[in-house]
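# Structural overview for review
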Amino acid sequence: MPKPWKKLIVALDITSEKRAKQIISALAVKKPKFKIGLIAYTSFGPKIIDWVKTKGGSIFLDFKLYDIPNTMVETAKAFVDLGVWAFTVHVKAGEESLKILKKEITAYSRKQKKPRPLIIGVTELTSRKTSLKSVLSLAKIAKKSKIDGVVSSVWEAKKIAKDFKLLTITPGIRKKKTNDDQKRVATVKDALREGSSFFVVGRPIINEKNCLFAAEELLK
Ligand code: C5P
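Here's a quick rundown of the structure. (Residues numbered from 1 in each chain as written. Predicted model: local features only at pLDDT ≥ 70, side-chain atom pairs only at ≥ 80, totals over all residues. Heavy atoms only, no water.)

### A few points about the site of the ligand
Near the ligand, the surroundings consist of 17 residues, among which Asp-13, Lys-35, Thr-126, Arg-174 and Arg-203 are the closest. Thr-126 places a polar side-chain atom, nitrogen or oxygen, 2.8 Å from a nitrogen atom of the ligand. Between the ligand and Arg-174 there is a distance of 2.7 Å, counted from an oxygen atom to a side-chain nitrogen or oxygen. Calculation on the ligand without its partners gives an accessible area of 470 Å², and the protein chains cover 88% of this total. The cavity that encloses the ligand is the largest pocket. Here the residues of the shell around the ligand are counted per class, giving seven nonpolar, three polar and seven charged. (Near = heavy atom within 4 Å. Polar contact = N/O pair within 3.5 Å; in protein donor to acceptor, adjacent residues only side chain to side chain. Areas by Shrake-Rupley, 256 points an atom, 1.4 Å probe, with all protein chains shown as cover. 1 Å grid on protein atoms, 1.4 Å probe; cavity = no way out; pocket = protein on both sides within 12 Å on 5 of 7 lines; lining within 4 Å. Sits in = over half its atoms within 2 Å of the grid points. Nonpolar A, V, L, I, M, F, W, Y, C, P; charged D, E, K, R; others polar.)

What follows is the structure, encoded as structure tokens:
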């Protein structure tokens, strides 16, 4: 299997059940991971997780938790029960909160005899122009908190991996420069060269009628 597919996370930012099922079925053969965020989860509830799992897919739950430790821990326990591969939390929640989250989720997963989901900290949103310094200072907090990785743009991924040995998940992937809400964008080629552990693609794939063809073109 070509390497880019192994690194692809498809953002299922979709509200139509028919379309969501179509996209999952069309892409699942290539075994990308699927990102479920507030759009899909609010539209379908936990059924969306079953649809992905039935097709053998892994789930990246992107709710970007940002709350007091107890609320984050209890929410993340439900993620463990749902059997997700990874989930997101804002690094800005702070080192102390993230440490508690990691400790509690590790203990809970062990108790439930379930794999512990990866905890991925969002640094700065890719829809914002920001400095490398700002992203790196958040990545440093992620490292000190001992979570597994961070969300950043492609342009910070290499430095984060080198300095902090964290996984990097990079959204803002575009074929070429576009005029949408994403500001810190990059191509798949950039993501591979800069060493992103995984890259997230939503609209460039899900908005295309033939999403498998669109994905293949993007990854070429
Ligand atoms: O459609 P597009 O390719 O821009 O989708 C990117 C996905 O990644 C969206 O679901 C968005 O919420 C998510 N994301 C992001 N930037 C972050 C964190 C998550 O774009 N920093």
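### What to know about the packing of aromatic side chains
If you walk through the whole model with that rule in mind, you get six aromatic pairs. Plain terms: the ring middles of Phe-60 and Trp-85 are 6.0 Å apart, the flat faces sit at 75° to each other, and that makes the pair edge-to-face. Taken as a pair, Phe-60 in strand E3 (residues 58–65) and Trp-85 in the loop between helix H5 (69–82) and strand E4 (86–90) lie far apart in primary sequence, 25 residues in all. Given a relative accessible area of 1%, Phe-60 falls into the buried group. Ring plane angle 75° and centroid distance 5.0 Å describe the contact between Trp-85 and Phe-198, whose orientation is recorded as edge-to-face. On the criterion of sequence distance, the pair formed by Trp-85 in the loop between H5 and E4 and Phe-198 in strand E8 (residues 198–201) is long-range, its members being 113 residues apart. Cluster of aromatic residues (ring-pair linked, three or more members): Tyr-41, Phe-63, Phe-79 and Phe-87. The ring of Trp-85 carries Lys-33 above its face, with NZ or CZ at 4.8 Å from the centroid. (Phe/Tyr/Trp six-rings, centres within 6.5 Å; stacked < 30°, edge-to-face > 60°. Helix = DSSP H or I, 4+ residues; strand = E, 2+ residues; numbered from the N terminus. Buried < 20%, exposed > 50% of the residue type's maximum accessible area, 1.4 Å probe, protein only. Lys NZ or Arg CZ within 6 Å of the ring centre and 35° of its normal.)

### Side note on the side chain of Lys-33
Considering the arrangement of structural elements, one finds Lys-33 in strand E2 (residues 33–37). Of the side chains bearing the opposite charge, Asp-148 lies closest to the buried Lys-33, which forms no salt bridge; the N-O distance is 14 Å. Among all residues touching Lys-33, those that are not within four sequence positions of it are Leu-8, Ile-9, Val-10, Ser-58, Trp-85 and Phe-198. (Lys, Arg positive; Asp, Glu negative; His and termini not counted. Salt bridge = Lys/Arg side-chain N within 4 Å of Asp/Glu carboxyl O. Contact = heavy atoms within 4.5 Å.)

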